[in-house]
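# What the coordinates show
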Amino acid sequence: MTHMSREEVSHIVADLEHRFIAHDPYLALRDQIDDILYRRKAHTTAGRVTAQRGIVVIGNAGAGKSFGIEHLLQKHPHLAYGKPYQQALTVRLASEATIKGVGLDTLEAYGYESKGARTGHSIWRQVMRQARSHKTLFLHFDEAQHILRTKSKSEFDQVMLVWKSCLEYAEWPVNLILSGTCELLDLINRDEQLSRRFEPVHFAPMSYAAHGHEVMGVLGAYLDAAKLSRGKTLDSSTFVRRLLHAARYEFGSKIGLIISAIKLALRDGDQTLEQSHFAGAYRKQKRCVDALNPFIAENFRSIKTGQLLSGAELEIAPAIKRGAA
């Protein structure tokens, strides 16, 4: 293989990043959304407006929750994820989210300009009007744990009241999809009335025993797309264990490492993907020493993966006193 330019490699990598591979949590989420959607359509056909249910999607960072939800909403044959009608809408919550701020962000996502100072109640009334106008069926709030964390009881109760109102709005109830860390489920469970209105989907960590056989299939699909061969160093159970450990056993992180390794191979003009490419990809991501690289170290299971600059000797420059020359 001849050396590619960075632009050529970037095009291939962008296509790989856009690819999607369904896995068990994604299929469980699709079943939940289909169940809610088609049950609602049946009620609508019969002229009934009923209170709706929500889905809470939990998992660690790197599990692939956000990408999976958006892919499902975008590709669903019976949902319009975009204009003119936004039957499904995603809003990402900031780390310091408030119920009023989330309402304003939702209106902005609809393209509605909110003018002047308004109360949280009036903002969310307008959100529901926009939902009805756009025929929104699903509102997806990503990183939803941010709006509940370190809140006072009154603020917490206000969030719960807004979410219940969305599910029960008389003119046009909306199904909520809340995604976030496992902390989110603990927070929702504080309110029994709300927790009964949600179905959980867990993007659980992978394990070698349960998912080891799937890793090579996923790797093969990406290699085929990149037109690379699989090297002999990848044909072992030890490599699979190294990859899972490096990815902290999270599906999305595993995909990210595979794509990063492929990018290195393409840039080097290699025709075959080897374990050394994964070592280089991990080294570039974390800037770690080789002794703490799970694709190099013999005792890789003892490595605490995910940390930046592992093993690096960081020197802190001495403070310079005022007035010093």
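Look above for the structure.
This report concerns the structure included in the present document. (Residues numbered from 1 in each chain as written. Predicted model: local features only at pLDDT ≥ 70, side-chain atom pairs only at ≥ 80, totals over all residues. Heavy atoms only, no water.)

The next thing to look at is the packing of aromatic side chains. This model, assessed by the stated rule, comprises 7 aromatic pairs. Measuring from ring centre to ring centre gives 6.2 Å for Trp124 and Phe141, while their planes differ by 65 degrees; the resulting arrangement is edge-to-face. With a gap of 17 residues between them, Trp124 in helix H5 (residues 120–133) and Phe141 in strand S3 (residues 138–142) connect regions that are remote in the sequence. Trp124 gets classed as buried once you look at its relative accessible area, which sits at 6%. Joined through ring pairs, the aromatic side chains of Phe239, Phe278, Tyr282 and Phe295 make up one cluster. Note that Arg190 overlies the ring of Phe156, its terminal NZ or CZ placed 5.0 Å from the centroid. The ring of Tyr208 is capped by Arg241, whose NZ or CZ atom sits 3.7 Å from the centre of that ring. (Phe/Tyr/Trp six-rings, centres within 6.5 Å; stacked < 30°, edge-to-face > 60°. Helix = DSSP H or I, 4+ residues; strand = E, 2+ residues; numbered from the N terminus. Buried < 20%, exposed > 50% of the residue type's maximum accessible area, 1.4 Å probe, protein only. Lys NZ or Arg CZ within 6 Å of the ring centre and 35° of its normal.)

Now for the environment of Arg40. If you trace the backbone, Arg40 turns up in helix H2 (residues 24–45). Separated by 71 residues in sequence, Arg40 and Gly111 place their C-alpha atoms 26 Å apart. Setting aside chain neighbours within four positions, we find Arg40 in contact with Gln52, Leu137, Trp172, Pro173, Val174 and Asn175. (Contact = heavy atoms within 4.5 Å.)

A few words on the packing of helix H9 (residues 208–226) against helix H11 (residues 251–268). The geometry of H9 relative to H11 is characterised by a closest axis approach of 11 Å and an angle of 35 degrees between their N-to-C directions. Considering only the axes of H9 and H11, their crossing is right-handed. Across from Val215, Val218, Leu219, Tyr222, Leu223 and Ala226 in H9, the residues of H11 making contact are Lys254, Ile255, Ile258, Ile259, Ile262 and Leu266. Taken together, the residues of the contact of H9 with H11 break down into 11 nonpolar, no polar and 1 charged. (Axes fitted to C-alpha atoms, helices over the stretch in contact; angles between N-to-C directions. Left-handed = near helix turned anticlockwise from the far one by under 90°. Nonpolar A, V, L, I, M, F, W, Y, C, P; charged D, E, K, R; others polar.)

Let's shift gears to H9. Spanning 19 residues, H9 covers 25 Å between terminal C-alpha atoms, matching the ideal 27 Å at 1.5 Å per step. At Glu214, H9 shows its largest bend, some 30 degrees. Packing partners of the buried residues in H9 comprise helix H1 (6–18), strand S6 (229–230), helix H10 (237–246), H11, strand S7 (272–273) and helix H12 (275–286). (Expected span 1.5 Å × (residues − 1). Bend = angle between axes of the 7 residues up to and from the residue.)

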